[in-house]
Amino acid sequence: MTSAQQLLRSQRDVLLNWTRDHPAPLLRWLRDAEVLSSPQYLSLLERSPVNAVAQALETVCATEESSQKFLLVLREVQDYYCEDLQAWVERHCRRDAVSKPAAEPVKVEEKKPKSPFAKLLKGKSKGFTPISEVKAKEGQKPSRSAKLANIRVPITAHKTTLLKRTEQLKCYSEGEGVASNSASHIEIRYTDLFVTEDNDLVDSSQHEYFDLASRRARIYVHQACQRIRPCHLLSPEGTSGRSPKRVKVKGIAGIGKSIAVQRLVYEWAIGKSMREFTCVFDLRFRELNLIEAPLSLLELLGERFRYLKAVLPDLFASPSSLLFILDGLDEFKFPLDWNIPGTNIDVNSKVPVSELMVALIKGSFLPEASVILTTRPSTEAPKHFFQRCCVVLGFEEDQVKEYTSKFYKDSEVAEKVYDYILNNDNLFVLSFIPLYCYIICTAMAEFFSGSQGVGDSKSLELNPPRTVSEVYFCYLFTAVKHHALRGSAERGTPRSEVLSLAKQQLTNLGKLAYENLLQKKIMFNRADLEKYGVIPADVQSTFLCDILQPLKEETVEMFSFFHLTVQEHLAALYCAINLFSQEDIIQALDFWCFGIHPPSSSAAPLQNTDLNMDKLESLQMFTRFFMGMLRARLAGQLDGLVLSPMERGDGIAVQLGVWFQDQFKSRELENQKALNLLHCLMEFHTKEATSIAAPEIKKLNLFKMKLSVVDCAAMHYVLQFSPHKLQELNLGYSNIGNRGLNRLGPILHRCESLYLRYNCLDRQAAILESAILKSNECQVKKLFMCGNNLGPEGVLELWNALEHNTTVEELYLDITGITERGTENIVNCLSKNTSLKTLTIVGNDIGEVGRRRLKELGKSRPGLRIIANFVDDLGLLQAYLDWVEEIRVDRDQLDSVKNADALQSVLKGLQVAGDQVEKGENAEKAKELQTKIVELLKSSKHLTGQR
């Protein structure tokens with residue numbers, strides 16, 4: 001028997017020649033067979049294909065055992081390569097010619113029952129059996145065997161095509177061909193995402209980034225989540241053991257939906273995931289937009305996957321072995337009618353492409369096939385059509401760290417950047433979105449790589465970006481300098497000169513971005529680009545590839561900005577360099593923030609102002625970017641781009657301060673609009689403007705806004721410039737957590753009424769609040785801390801603080817985890833307090849001792865009203881009835897474990913106090929509340945699957 005090692009050494013050059021153009025399958029299977037270690041594998045992926053295969057063969061030939069494993073792997077992957085290699089495998093890799101070493105088999109996930117086709121084409125977990133052997137085994141069914149053999153070749157061609165299309169993460173590429181960044185291989189760059197079950201709620205009034213931030217605020221802290229890896233989207237769920245047939249995956253732009261399904265397709269094509277499917281069809285709605293005439297599914301797939309055209313009828317004979325991945329429903333331009341029956345459609349029916357997609361998604365057509373649909377939250381796809389609905393929440397903190405370590409070759413640089421992100425609230429909150437993470441890492445490379453030129457040392461090294469606008473401008477500048485102007489600018493070239501060289505390109509791109517942002521248009525064809533002077537040919541190898549993404553699929557060529565926020569930022573940059581007067585800037589802000597059309601202006605951004613007034617919220621991020629870019633212009637950082645000088649007058653900053661002052665003074669601002677104005681002031685970051693605007697903020701009601709730490713930073717930044725007390729700061733149900741409360745700490749003592757209900761606060765927050773109450777400057781009169789887990793230690797801190805406090809008149813501590821121990825010093829401390837008039841402490845398990853202490857306190861402080869039982873106060877009962885009704889209507893609250901715990905606490909409190917009141921209005925309300933809570937908890941258990 002020929003030694004495997006000797007065979008490979010003698011045939012090394014031949015094997016290299018056959019596999020050099022497409023090494024991915026071979027290398028991946030060698031890694032999984034433990035011939036290559038993970039570090040070796042990732043290192044080879046960064047090399048050129050020929051060098052990667054050559055090095056792999058060197059490693060393989062080192063021992064007889066690894067050589068034998070290689071021959072077995074070659075059997076598995078032979079169909080990805082040429083017929084000559086397959087013939088070589090047939091001669092040299094027969095199982096009776098190669099002794100298999102004792103090794104662990106490649107582990108694959110548990111599979112569903114396989115269809116007849118899938119049993120043959122099951123990802124080659126045991127290698128493709130030669131056709132002659134298939135016929136021997138299927139001797140009684142030769143025609144069927146021949147049919148399966150005919151499918152095998154096109155399917156292999158399909159897998160090879162998909163591998164070539166999915167193995168690179170295009171968004172990290174610096175160009176195409178020779179200019180491509182080899183480190184963008186999906187195996188190197190891909191970082192797992194946080195995906196969880198979805199309740200299908202959407203707040204379409206918000207910019208999608210803010211809606212996602214609020215969702216994460218709710219889920220991260222108190223919701224029991226099942227984290228789902230993309231490869232498990234079709235895994236059986238619950239005790240039924242059934243795999244879902246229809247799965248919806250939603251998430252905002254840049255959160256990683258398309259990359260996740262790209263990874264899914266890659267894993268199937270390389271034979272490592274979803275091997276129960278004979279064929280996977282990946283279709284993108286942006287491509288389907290080009291189909292105007294009615295057509296059948298066979299025609300659609302035959303045109304899209306031409307090498308499968310002849311075998312499509314055979315594939316559809318077993319639809320349960322087919323998977324459709326439909327990516328980007330939000331980009332579909334045709335209207336969707338979910339009420340069309342669709343039951344009369346078959347694979348040959350010619351219907352509009354929108355009707356075809358609706359029928360496929362609903363399952364009225366091909367119900368046995370599996371479908372994964374991705375979409376942004378703003379696009380309707382009714383939940384009842386799906387067996388599983390998921391939401392992509394991006395990265396968790398560990399994934400941000402992993403991502404930065406993968407982004408930079410230098411581990412020290414990666415660590416510095418990660419630490420900087422972690423310690424900067426603005427960047428930390430951005431980083432959970434993968435594409436934000438990329439933008440941040442790209443921008444930060446200039447600061448931490450140690451390679452800055454002399455011309456940049458002052459503007460970059462000493463001033464790392466802090467705000468969102470600064471991060472994006474640094475990213476843009478990096479893209480311009482190192483990609484757009486390759487060969488035209490050195491590292492030491494001054495910023496103004498770099499921007500001057502790219503002025504025409506940035507102006508054209510900015511105009512394209514802005515005018516289409518007003519229309520909410522994010523996809524462009526070649527004619528759209530040419531209309532704005534953006535030359536498509538430039539996209540191929542310049543920085544435009546980082547800003548605009550070409551999407552070339554056979555006959556399709558569409559373009560989009562690298563990310564929605566990049567379009568918003570370039571639009572803001574365009575407006576910042578084309579608005580020259582104070583009047584123009586004020587008119588623009590009136591238009592973008594409140595929909596007031598400019599009366600007349602010669603400024604380009606105010607000429608085409610056709611905007612859907614219902615979509616004003618979608619401009620919120622853009623307005624923040626604009627304020628940041630306006631600040632950059634006033635600071636001279638846009639010199640080289642500016643076409644005309646800005647008029648001086650009384651000073652732009654002062655006039656803007658007056659404008660913001662007027663908005664807070666004369667408008668009844670909705671929560672989101674008020675918060676956006678605060679962010680605009682923080683991005684503008686100018687003391688003159690903020691000092692004028694801040695004193696006009698008397699009340700700030702952000703109830704149920706689900707705020708991030710950056711929102712808290714914006715509130716703190718603005719309110720620190722106000723010398724006056726704040727009559728009311730309502731942050732109830734905002735889930736700011738301890739980190740957010742710490743950010744607000746320096747201004748909380750000036751809030752007369754401070755609502756912090758249900759904010760996931762704990763003992764540390766109680767300690768912070770105690771320090772505020774002890775302060776000589778404390779002006780707090782009402783403090784609402786209900787629904788926070790302060791615990792006995794936390795409230796002991798509060799009692800100590802109230803001993804000498806002379807301002808607090810009302811204190812609400814319902815459902816805060818107070819136990820008997822938490823009442824230890826309440827009598828001693830509150831007997832000395834002279835200001836407190838109302839104390840509510842219901843929903844806490846204080847025991848008999850605690851209740852005795854409250855009675856004792858009531859005797860020593862006859863002017864203090866103490867509400868310890870729900871039945872004591874009719875208004876309190878009604879408030880809780882209203883709260884229960886809110887939870888019943890809002891399923892997002894219903895699914896919250898924290899609220900379920902709170903409801904249990906209320907129920908227990910009602911049961912404890914129920915015997916004390918047998919009749920009267922209080923008793924009726926108490927019974928009504930008790931009944932509704934019991935019904936709600938039953939409903940919640942049913943909806944959450946008793947998690």
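The structure presented is a predicted model; accordingly, all values stated were derived computationally and were not measured.

J.: For this particular structure, what's the right way to read the overall build of the protein chain?
T.: In terms of regular secondary structure, the protein chain is built from 44 helices and 16 strands. The buried share of the protein chain, reckoned over its 947 residues, is 60%. A total of about 39,000 Å² of accessible surface is found on the protein chain, and carbon and sulfur atoms cover 48% of it.

J.: Sorry, what's going on with a negative patch on the surface here?
T.: On the surface, a cluster of negative charge is made up of Asp410, Glu412, Glu415 and Asp419. A relative accessible area of 33% means that Asp419 is categorised as partly exposed.

J.: Hey, could you run me through the sheet that holds strand β14 (residues 810-812) in this one?
T.: Strand order across the open sheet formed by 7 strands is β10-β11-β12-β13-β14-β15-β16, with parallel pairing between neighbours. Both outer strands of the open sheet, β10 (699-701) and β16 (865-867), are each paired with one neighbouring strand and no more. On average, each strand axis in the sheet is tilted by 10 degrees relative to the strand beside it, whichever way the strands run. In this structure, β14 lies alongside strand β15 (residues 838-840), joined through 3 bridges in parallel fashion. Its bridge partner being in β15, Tyr812 is matched across the sheet by Thr840.

J.: Please explain the confidence of the model for the protein chain as it appears in this structure.
T.: Low-pLDDT stretches of the model should not have their predicted coordinates read in fine detail. On average, residues of the protein chain score 80 in pLDDT, and 79% of them reach the 70 mark or higher. Under a pLDDT of 50 for its full length, residues 98-146 has, in the predicted model, 86 contacts with residues more than four places off or in other chains. pLDDT under 50 marks residues 214-224. Its contacts with residues more than four places away, or in other chains, come to 39 contacts.

J.: Please clarify how the side chain of Lys257 should be interpreted in this entry.
T.: As for its placement among the helices and strands, Lys257 is situated in helix α13 (residues 257-269). Buried charged residue Lys257 carries no salt bridge. Nearest counter-charge: Asp330, at 5.3 Å. There is a polar contact of 2.8 Å between the side chain of Lys257 and the backbone oxygen of Gly251. In this view, Lys257 contacts Val249, Lys250, Gly251, Ile252, Thr374, Thr375, Arg376 and Val392; residues no more than four positions away in its chain are not counted.

J.: Just checking my understanding: could you explain helix α25 (residues 503-517) for this structure?
T.: Helical geometry note: an α-helix holds 3.6 residues per turn, so side chains three or four residues apart project in the same direction. Between the first and last C-alpha of α25 there are 21 Å, a value that for 15 residues agrees with the 21 Å anticipated at 1.5 Å per step. With respect to burial, α25 is a largely interior element, 11 of its 15 residues being buried. Among the residues of α25, Leu506, Thr507, Asn508, Leu509, Gly510, Leu512, Ala513, Tyr514, Glu515, Asn516 and Leu517 are the ones counted as buried.

J.: Help me understand the sheet that holds strand β4 (residues 322-327), please; the structure alone is not making it clear to me.
T.: Backbone-to-backbone hydrogen bonds join strands into a sheet, with any given pair of strands oriented parallel or antiparallel. Across the sheet, which stays open at both edges, the 6 strands sit in the order β1-β6-β2-β5-β4-β3 with mixed pairing between neighbours. At either margin of the open sheet sits one strand with a lone partner, and together these are β1 (195-197) and β3 (279-284). Neighbour to neighbour, the strand axes of the sheet diverge by 20 degrees on average, direction disregarded. Here strand β2 (residues 246-250) pairs with strand β6 (residues 388-392) via 4 bridges, running parallel. Across the sheet, Val249 pairs through a bridge with Cys390, a residue of β6. Together, β3 and β4 form the strand contacts of helix α15 (residues 297-304), whose direction differs from that of β3 by roughly 90 degrees.

J.: Looking at this structure, I do not really get the pattern of salt bridges. What am I missing?
T.: In a structure, side chains of opposite charge can pair up when their charged atoms sit close to one another. The full count for this structure, using the stated rule, is 32 salt bridges. Between Lys725 and Glu752 there is a salt bridge, and its shortest N-O distance comes to 2.7 Å. Highlighted residues: Lys725 in the loop between α35 (709-719) and β11 (726-730) and Glu752 in strand β12 (residues 751-755), separated in sequence by 27 residues. For Lys725, a relative accessible area of 38% translates into the label partly exposed. For Glu752, a relative accessible area of 14% puts it in the buried group. Residue Glu793 pairs with Arg821 through a salt bridge whose shortest N-O separation is 3.3 Å. Of this pair, Glu793 sits in helix α38 (residues 791-802) while Arg821 is found in the loop between β14 and α39 (826-832), placing the two residues 28 residues apart along the sequence. Linked by salt bridges that have partners in common, Arg28, Arg31, Asp32, Glu187, Arg263, Glu267 and Lys272 make up one network.

J.: It is not clear to me how the packing of aromatic side chains should be interpreted in this structure. Could you clarify?
T.: On inspection of all chains with the given rule, the structure shows 28 aromatic pairs. With 4.9 Å between their ring centres and 75 degrees between their planes, Trp592 and Phe626 make a pair best called edge-to-face. Residue Trp592 is located in helix α30 (residues 582-594), and its partner Phe626 is located in helix α31 (residues 620-634); the two are separated by 34 residues in the primary sequence. As far as the burial class goes, Trp592 and Phe626 line up, both buried. Judged by centre distance (4.1 Å) and plane angle (10 degrees), the rings of Tyr755 and Phe784 are stacked. You can see Tyr755 sitting in strand β12 and its partner Phe784 sitting in strand β13 (residues 782-784), a full 29 residues away along the chain. The burial state of Tyr755 is the same as that of Phe784; both residues are buried. Linked through ring pairs, Phe395, Tyr403, Phe407, Tyr408, Tyr438 and Tyr475 together constitute an aromatic cluster. Just above the ring of Phe594 sits the side chain of Arg667; from NZ or CZ to the centre is 3.7 Å.

J.: When you look at the packing of helix α5 (residues 49-60) against helix α6 (residues 64-77) in this model, what are you seeing that I'm missing?
T.: Helix-helix packing is characterised by the crossing angle of the two axes and by the distance between the axes. At a minimum axis separation of 8 Å, α5 and α6 run at an interaxial angle of 130 degrees. Between α5 and α6, the angle is such that the two are oblique. Of α6, the residues touching α5 (which contributes Leu57, Thr59 and Val60) are Ser66, Ser67 and Phe70. The residue makeup of the contact of α5 with α6, split by class, is 3 nonpolar, 3 polar and no charged.

J.: Sorry, what's going on with the environment of Thr191 here?
T.: With respect to the helices and strands, the residue Thr191 is situated in the loop between α11 (186-189) and β1. When the C-alpha atoms of Thr191 and Gly256 are compared, they prove to be 9.7 Å apart, with 65 residues separating the residues in sequence. Once you skip the residues sitting within four places of it in the chain, Thr191 turns out to touch Phe395, Gln399, Glu402, Tyr403 and Lys406.

J.: Would you take a moment to explain the nonpolar core for this structure?
T.: One recurring pattern in soluble globular proteins is that nonpolar side chains are buried together. Core analysis: the largest hydrophobic core is formed by 223 residues, its most contacted members being Trp592, Phe626 and Trp799. In terms of residues, this core owes the most to one element, helix α21 (residues 434-448), which gives 11 residues. The contact partners of Phe626, leaving out residues within four places of it in the chain, are Ala572, Cys575, Ala576, Leu579, Ile585, Leu589 and Trp592. Counting 45 residues, the second largest nonpolar core, distinct from the first, contains Cys279, Val311, Trp338 and Phe386.

J.: Sorry, what's going on with unusual backbone geometry here?
T.: Where the residue is not glycine, phi is negative for most of them; where a peptide bond is considered, it is trans in most cases. Its identity as a non-glycine residue notwithstanding, His685 has a phi of 50 degrees, on the positive side. Look at His685 and you get partly exposed, because its relative accessible area is 29%. Even without a glycine there, the phi angle at Ile815 is positive, about 50 degrees.

J.: Sorry if this is basic, but what is going on with the state of the cysteines here?
T.: Here, disulfide denotes a covalent bond that connects the sulfur atoms of two cysteines. Scanning the entire structure with this criterion turns up 0 disulfides. Of all cysteine sulfurs in the structure, the one in Cys593 sits closest to Cys680, which takes part in no disulfide; the separation is 5.4 Å.

J.: Could you clarify how one ought to interpret the pairing of β6 in this entry?
T.: Both faces of the sheet carry side chains from a regular strand, because those side chains alternate between them. Summarising burial for β6: 5 of the 5 residues are buried, a large majority. The two faces of β6 match: Arg388, Cys390 and Val392 on one face and Cys389 and Val391 on the other face are all buried. The pairing of β1 with β6 spans 3 bridges and is classified as antiparallel. Looking across to β6, one finds that Val195 is bridged to Val392.

J.: Quick question: what am I supposed to make of helix α4 (residues 38-45) here?
T.: Taken together, the buried positions of α4 are occupied by Tyr41, Leu44 and Leu45. Along α4, the residues classed as buried sweep out an arc of 100 degrees about the axis, all on the same side. Where the residues of α4 are buried, they touch α3 (24-32), α5, α11 and α13.

J.: Even after reading the chapter, I still don't get the environment of Glu446, so can you show me in this structure?
T.: With respect to the element layout, Glu446 can be found in helix α21. Relative accessible area serves as the criterion here: at 5%, Glu446 is assigned to the buried category. Sequence spacing of Glu446 and Pro464 is 18 residues, and the spatial spacing of their C-alpha atoms is 9.2 Å.

Basis of the calculations
- Residues numbered from 1 in each chain as written.
- Predicted model: local features only at pLDDT ≥ 70, side-chain atom pairs only at ≥ 80, totals over all residues.
- Heavy atoms only, no water.
- Helix = DSSP H or I, 4+ residues; strand = E, 2+ residues; numbered from the N terminus.
- Buried < 20%, exposed > 50% of the residue type's maximum accessible area, 1.4 Å probe, protein only.
- Areas by Shrake-Rupley, 256 points an atom, 1.4 Å probe, with all protein chains shown as cover.
- Patch = residues over 30% accessible without salt bridge, like charges linked within 9 Å, V, L, I, M, F, W, Y side chains within 5 Å.
- Salt bridge = Lys/Arg side-chain N within 4 Å of Asp/Glu carboxyl O.
- Lys, Arg positive; Asp, Glu negative; His and termini not counted.
- Charge placed at Lys NZ, Arg CZ, Asp CG, Glu CD.
- Pairing = 2+ DSSP bridges.
- Axes fitted to C-alpha atoms, helices over the stretch in contact; angles between N-to-C directions.
- pLDDT = per-residue confidence, 0-100.
- Contact = heavy atoms within 4.5 Å.
- Polar contact = N/O pair within 3.5 Å; in protein donor to acceptor, adjacent residues only side chain to side chain.
- Expected span 1.5 Å × (residues − 1).
- Phe/Tyr/Trp six-rings, centres within 6.5 Å; stacked < 30°, edge-to-face > 60°.
- Lys NZ or Arg CZ within 6 Å of the ring centre and 35° of its normal.
- Parallel < 35°, antiparallel > 145°, perpendicular 65-115°, else oblique.
- Nonpolar A, V, L, I, M, F, W, Y, C, P; charged D, E, K, R; others polar.
- Core = buried A, V, L, I, M, F, W, Y, C linked by side-chain atoms within 4.5 Å.
- Disulfide = S-S within 2.5 Å.
- Arc of directions from axis to C-beta.

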